[in-house]
Amino acid sequence: MKKILLLLLSCCMLFGYTVTFSSCASKAPDVEEIYDRAVELIEASYELNTVIYGAGLPVYKADSDYAKFTYLYFGSPYEGKYEIVTEYAKFPNVEKFKEAAGAVYSAAYLEEVLLPYLFEGHMTSNGIGGAVMFEARYFEENGTLYQLINEENDRLGNNGMRIYDYSTMRVVKPSNAETCFLEIDSWLEGSPDRILKNEIRLVLQDGEWFLDSFTG
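Residues numbered from 1 in each chain as written. Predicted model: local features only at pLDDT ≥ 70, side-chain atom pairs only at ≥ 80, totals over all residues. Heavy atoms only, no water.

A.B. asks: What should I look at first to understand the nonpolar core in this one?
C.D. replies: Considering soluble globular proteins, one finds that nonpolar side chains tend to be buried as a cluster. One finds Leu48, Leu57, Phe97, Tyr105, Phe119, Leu182 and Leu202 to be the most contacted residues of the largest nonpolar core, which totals 39 residues. Looking at this core, the elements with two or more residues in it are helix 2 (31-52), helix 4 (94-102), helix 5 (107-119), strand 7 (162-172), strand 8 (179-188), strand 9 (191-205) and strand 10 (208-211). In terms of residue count, the dominant contributor to this core is helix 2 (9 residues). Residues Tyr73, Tyr82, Phe139 and Leu148 belong to the second largest nonpolar core, which totals 9 residues. (Core = buried A, V, L, I, M, F, W, Y, C linked by side-chain atoms within 4.5 Å. Buried < 20%, exposed > 50% of the residue type's maximum accessible area, 1.4 Å probe, protein only. Helix = DSSP H or I, 4+ residues; strand = E, 2+ residues; numbered from the N terminus.)

A.B. asks: Help me understand helix 2 in this model?
C.D. replies: Each full turn of the α-helix corresponds to 3.6 residues, which orients residues three or four apart in the same direction. Helix geometry: helix 2 is bent most strongly at Tyr46, by close to 35°. Burial in helix 2 covers these residues: Ile34, Arg37, Ala38, Val39, Leu41, Ile42, Ser45, Tyr46, Leu48, Asn49, Val51 and Ile52. (Bend = angle between axes of the 7 residues up to and from the residue.)

A.B. asks: What's the story with the sheet that holds strand 6 (residues 144-148) in this structure? I'm lost.
C.D. replies: The 4 strands are arranged 1-2-6-5 in an open sheet whose pairing can be described as antiparallel. Bordering the open sheet on either side are strand 1 (59-60) and strand 5 (138-141), each of which pairs with just one other strand. Here strand 2 (residues 82-85) pairs with strand 6 via 3 bridges, running antiparallel. In the sheet register, Glu83 faces strand 6, and the bridge partner there is Gln147. (Pairing = 2+ DSSP bridges.)

A.B. asks: Can you help me understand the pattern of salt bridges in this one?
C.D. replies: Evaluation of the coordinates by the stated rule reveals 10 salt bridges. A salt bridge links Arg37 to Glu40; its shortest N-O distance comes to 3.3 Å. Placement of the pair is Arg37 and Glu40 together in helix 2, with a separation of 3 residues, close to one helical turn. Here Arg37 ties to Glu208 by a salt bridge, and the two come within 3.6 Å at their closest N and O atoms. Of this pair, Arg37 sits in helix 2 while Glu208 sits in strand 10, placing them 171 residues apart in sequence. Judged by relative accessible area, Arg37 falls into the buried class, the value being 13%. Bridged by salt links that share partners, the residues Arg37, Glu40 and Glu208 form one connected network. (Salt bridge = Lys/Arg side-chain N within 4 Å of Asp/Glu carboxyl O.)

A.B. asks: What am I meant to see in the packing of helix 4 against helix 5 here?
C.D. replies: How two helices pack is summed up by the angle between their axes together with the distance between the axes. It is at 12 Å that the axes of helix 4 and helix 5 come closest, and there the two elements cross at 140°. Considering only the axes of helix 4 and helix 5, their crossing is right-handed. When helix 4 is examined against helix 5, the residues Val94, Phe97, Lys98, Ala101 and Gly102 are found in contact with a partner set consisting of Leu110, Glu111, Leu115, Leu118 and Phe119. (Axes fitted to C-alpha atoms, helices over the stretch in contact; angles between N-to-C directions. Left-handed = near helix turned anticlockwise from the far one by under 90°. Contact = heavy atoms within 4.5 Å.)

A.B. asks: I keep staring at the packing of aromatic side chains and nothing clicks. Help me out?
C.D. replies: Each pair of aromatic rings is reported with the distance of its centres and the angle of its planes. Scanning all chains against the criterion turns up 13 aromatic pairs. With 4.9 Å between their ring centres and 65° between their planes, Tyr78 and Phe139 make a pair best called edge-to-face. Note that Tyr78 is positioned in the loop between helix 3 (65-70) and strand 2 and Phe139 in strand 5, a separation of 61 residues in sequence. Taking relative accessible area as the criterion, Phe139 reaches 17% and is therefore assigned buried. Between Phe119 and Tyr138, the aromatic rings sit 6.0 Å apart at their centres with planes inclined by 45°, giving tilted as the arrangement. Taken together, the residues span a long stretch of sequence, with Phe119 in helix 5 and Tyr138 in strand 5 at a distance of 19 residues. Accessibility classification places Phe119 together with Tyr138 in one group, the buried group. Every member of this aromatic cluster is reached through a ring pair, and the members are Tyr78, Tyr82, Phe139 and Tyr146. Residue placement shows Arg37 over the ring face of Phe210; its charged tip is 5.1 Å from the ring centre. (Phe/Tyr/Trp six-rings, centres within 6.5 Å; stacked < 30°, edge-to-face > 60°. Lys NZ or Arg CZ within 6 Å of the ring centre and 35° of its normal.)

Here you go:
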């Protein structure tokens, strides 16, 4: 009888530890635990946002004296559509961009969202029930990176970057131990009086948090 009681007690204790461990393992991080990393990632994303949807990378303008003198675009099938990114750009090729973005964004977000969006083109709604296909903003050919000539691609316009008030950061549902949703007050540089609650998603990858959504 004593052996049975001891066995039952052991099972109860083991069950209790299992429930506790499971609960801890799925618990979302406190804002204090993730604050520094979140700020680091968001700040690092600004440089990438410029490439993704902002002013883009420095290029050799087709109408520049240099391009004319060197016949840079002479006979190019992309003349009037794409311009060549200079070799002095922060990201002169796809690999450099992937390397920098991989230090900020999760591998899944980078491969499934950012790279296709930038280098393969994307489809978006035209606002009247239809869809419009946008060409890739960048492509690389024979070691040369090209950037689409399109003023509409500068989606920052006059509003500039999104600024975050980190003091308002809080962890919200359905956060857990591997995916964290943050809500932070933010505004665009050109509209400081229009404050929005922006939600940013982070995921745990190889024991470290990475952005899994856009910060723009």
